[in-house]
Amino acid sequence: MSNEIHVTIDKDLEDIMPMFLENRQKDLNALKGHLETMDIESIQTIGHRLAGNAGSYGLDDLGHIGAAIEESCISKDEAGIRENCQKYSEFMSLLKISYAD
Amino acid sequence: MQISKAKSKKEILVIDDDSDTQLWLKKILEGAGYHCRFAANVDEGIQQVKEHASHLIILDYRLENEIGFEVVEFLRNSSHYKSIPIVMISASANKKVVLNAFIIGANEFLAKPLNPALLLQTIKKHLKLNELPSIKFEEDNAPSVQVKSIGDLIKINELGFILQSSIKLAPKTKLIFTSQYLKTMGASPCETVTNDVASVAKPGTYRNEVKFKGMDEATAKRIRNIKIT
C-alpha cells in the first residue's frame, strides 16, 4: 500500500513494542465507546497518555496526534475530537514498523 | 541506544499511572543497571516509599484523578524521606506546572516524551548529588539548622537555587556551600540572592556585596552572609 507509514524503531525497544501496539488497539476500541457518548474526560486521558508515551517509543507523529486529541478535548471541540481520533485510527492501520540498531 | 550500566543497583521508584510509560521506564532503567519498582497512584506510591528504600523517585505530575504533588509534599514534610531526589515527569510541561514542581520540592522536571539519554543523565546527576556531604545552615547566635541532604536545596536552573518550603531561614542564617557541591551543580559566580533564591558559585564569603533582589526587608535581614568553601 503506497500510503503506509513506515517507521524505524530502535532495536532495543523491539521486545516491548508489541505490548505498546496492543495497548493502542485497546485505546481505539475504548475510543469507539467514548465517542458514542462523547465522554470527553476519558478521551482526553487517552490523548494525554499518548502524547506522553508515543515519542519515547519512537512514534513522534503518533504523540502529536495524542496531543491534538487532548487539545481538542480541552477546548471541547467535538468535531476536532472526532477528527483527531480518526487520525489516530488511520495512523495505526497504516503503521509499518521495522527495527534497526 | 547506548546505555552505560550503573555501578551499583540503585533503587528507583516510578509513580506513573500509564502502563506504557512504566514498561518503557522499566526497559530503560533496568537496562542501565537500576532496580525499579512501580506504583500507579499517590497511595501506592507513598506505601512503596514506606516499605522499600528508594534512592530516587520518578513521579508523574498527573495521576488518574490525582496530582503527583501530594507525593512530593509527603516526602518533603517527612524527616525520613525528605532527601530522596524526585524527578517529576509530565506531558503537561507548561511553565506553571514546571514552576510549581520546583516550588513544592521536585529536584528536576522532564517533559514527556522522555528521552532515554537525558533521563539517565538526570538520574545519575541526582544520585551523585545525594551522596555529597551535608550543607549546613548556621546561625551566629542561635542553634544551627542542620540540613541533612542536598535534596533540601533545589537547583532551578544554571544560576538559581530554591529552598525547600520546609526549611525556614532563621535570623542571620549563614548558607554554606561546598566547592564540590557547586562543581557538581555547575554553578557560576555569586551575584544575587532573592527572596528564597540564591545564585552562588566561587569560594569566598559574601556579605555586603551580595545583592538582594525582590526581597522584603524582613527576609533580607535573615541572611547575614553566604559562605562558599
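Data block above holds the structure.
For clarity, every value in this text was computed on a predicted model and none was experimentally measured.

Draft legend 1. Region of the structure containing the overall build of chain B. In terms of regular secondary structure, chain B is built from 7 helices and 17 strands. Looking at chain B as a whole, 50% of its 229 residues are labelled buried. Excluding contacts between residues fewer than 6 apart, the proportion of contacts in chain B whose partners are at least 24 apart in sequence is 60%. For chain B, the accessible surface area stands at approximately 11100 Å², while carbon and sulfur atoms represent 50% of it.

Draft legend 2. Geometry of the pairing of strand 7 (residues 108-111) of chain B. Residue and element names in this part refer to chain B. The sheet contact formed by strand 6 (residues 86-90) and strand 7 spans 4 bridges and is parallel. Considered in strand 7, the bridge of Ile-89 is made with Leu-110. Once you follow strand 6 into helix 4 (residues 95-104) and on to strand 7, the crossover reads as right-handed.

Draft legend 3. Highlighting the interface of chain A and chain B. Listed by partner, the interface residues are 21 residues for chain A and 17 residues for chain B. Together chain A and chain B conceal approximately 1600 Å² of surface at their shared face, both sides included; 48% is due to carbon and sulfur atoms. Three residues stand out in chain A for area buried against chain B, namely His48(A), Arg49(A) and Ser56(A), and they jointly supply 32% of the buried area on that side. On the surface where chain A and chain B come into contact, there are 4 salt bridges. For Arg49(A), the salt bridge is made with Asp17(B), and the minimal N-O distance between the two is 3.0 Å.

Draft legend 4. Region of the structure containing the packing of aromatic side chains. Counted according to the given criterion, the structure contains 3 aromatic pairs over all chains. The ring of Phe20(A) carries Arg24(A) above its face, with NZ or CZ at 4.4 Å from the centroid.

Draft legend 5. Seen up close, the sheet that holds strand 1 (residues 11-15) of chain B. Residues and elements named next belong to chain B. Across the sheet, 5 strands lie side by side as 2-1-3-6-7; this open sheet has parallel pairing. Each of the sheet's edge strands pairs with one partner strand only, and the pair in question is strand 2 (35-39) and strand 7. Strand-to-strand twist across the sheet, computed as the mean angle between neighbouring axes with direction ignored, equals 20°. Where helix 2 (residues 42-51) meets the sheet, its contacts fall on strand 1, strand 2 and strand 3 (56-60), and the angle it forms with strand 2 comes to roughly 140°. Set on the sheet, helix 3 (residues 69-76) makes contact with strand 1, strand 3 and strand 6; between it and strand 6 the angle comes to about 170°.

Draft legend 6. Spotlight on the packing of helix 3 of chain B against helix 4 of chain B. All names here are of chain B. Between helix 3 and helix 4, the shortest axis-to-axis distance is 10 Å and the interhelical angle comes to 20°. On the basis of the axis angle, helix 3 is roughly parallel to helix 4. Like other packed secondary-structure pairs, helix 3 and helix 4 cross with a definite hand, here right-handed. Residues Phe-69, Val-72, Glu-73 and Arg-76 of helix 3 lie in contact with helix 4, whose contacting residues are Val-97, Asn-100, Ala-101 and Ile-104.

Draft legend 7. Here's a closer look at helix 1 (residues 19-31) of chain B. Residues and elements named next belong to chain B. When the terminal C-alpha atoms of helix 1 are compared, their 18 Å separation across 13 residues agrees well with the 18 Å that a helix rising 1.5 Å per residue should span. For helix 1, every residue scored as buried is listed here: Asp-20, Thr-21, Gln-22, Trp-24, Leu-25, Ile-28 and Leu-29. A positive backbone phi angle near 95° is found at Gly-33, which sits one or two residues after helix 1.

Draft legend 8. Here's a closer look at the environment of Glu4(A). Mapped onto the elements, Glu4(A) comes out in the segment before strand 1 (5-10). Residues Glu4(A) and Gln86(A), 82 residues apart in the sequence, show an inter-C-alpha distance of 16 Å.

Draft legend 9. Spatial organisation of the nonpolar core. Tyr88(A), Leu29(B) and Ile58(B) are the most contacted members of the largest nonpolar core, which totals 46 residues. The residues contacting Ile58(B), other than those within four sequence positions of it, are Ile12(B), Leu13(B), Val14(B), Ile15(B), Leu25(B), Leu29(B), Val87(B), Ile89(B), Leu119(B) and Ile123(B). Core analysis: the next-biggest nonpolar cluster, separate from the first, contains 24 residues, Leu75(B), Ile84(B), Ile104(B) and Phe109(B) among them.

Draft legend 10. Highlighting helix 2 (residues 40-53) of chain A. Compared with an ideal rise of 1.5 Å per residue, which puts 14 residues at 20 Å, helix 2 of chain A spans 20 Å between its outermost C-alpha atoms and is within 8% of the ideal. Counting buried residues in helix 2 of chain A gives 10 out of 14 residues, a clear majority hidden from the surface.

Conventions and cut-offs
Residues numbered from 1 in each chain as written. Chains lettered and ligands numbered in written order. Predicted model: local features only at pLDDT ≥ 70, side-chain atom pairs only at ≥ 80, totals over all residues. Heavy atoms only, no water. Helix = DSSP H or I, 4+ residues; strand = E, 2+ residues; numbered from the N terminus. Buried < 20%, exposed > 50% of the residue type's maximum accessible area, 1.4 Å probe, protein only. Contact = heavy atoms within 4.5 Å. Areas by Shrake-Rupley, 256 points an atom, 1.4 Å probe, with all protein chains shown as cover. Pairing = 2+ DSSP bridges. Right-handed = clockwise from strand over helix to strand, strands pointing away. Buried area = accessible area lost by both parts, 1.4 Å probe. Salt bridge = Lys/Arg side-chain N within 4 Å of Asp/Glu carboxyl O. Phe/Tyr/Trp six-rings, centres within 6.5 Å; stacked < 30°, edge-to-face > 60°. Lys NZ or Arg CZ within 6 Å of the ring centre and 35° of its normal. Axes fitted to C-alpha atoms, helices over the stretch in contact; angles between N-to-C directions. Parallel < 35°, antiparallel > 145°, perpendicular 65-115°, else oblique. Left-handed = near helix turned anticlockwise from the far one by under 90°. Expected span 1.5 Å × (residues − 1). Core = buried A, V, L, I, M, F, W, Y, C linked by side-chain atoms within 4.5 Å.

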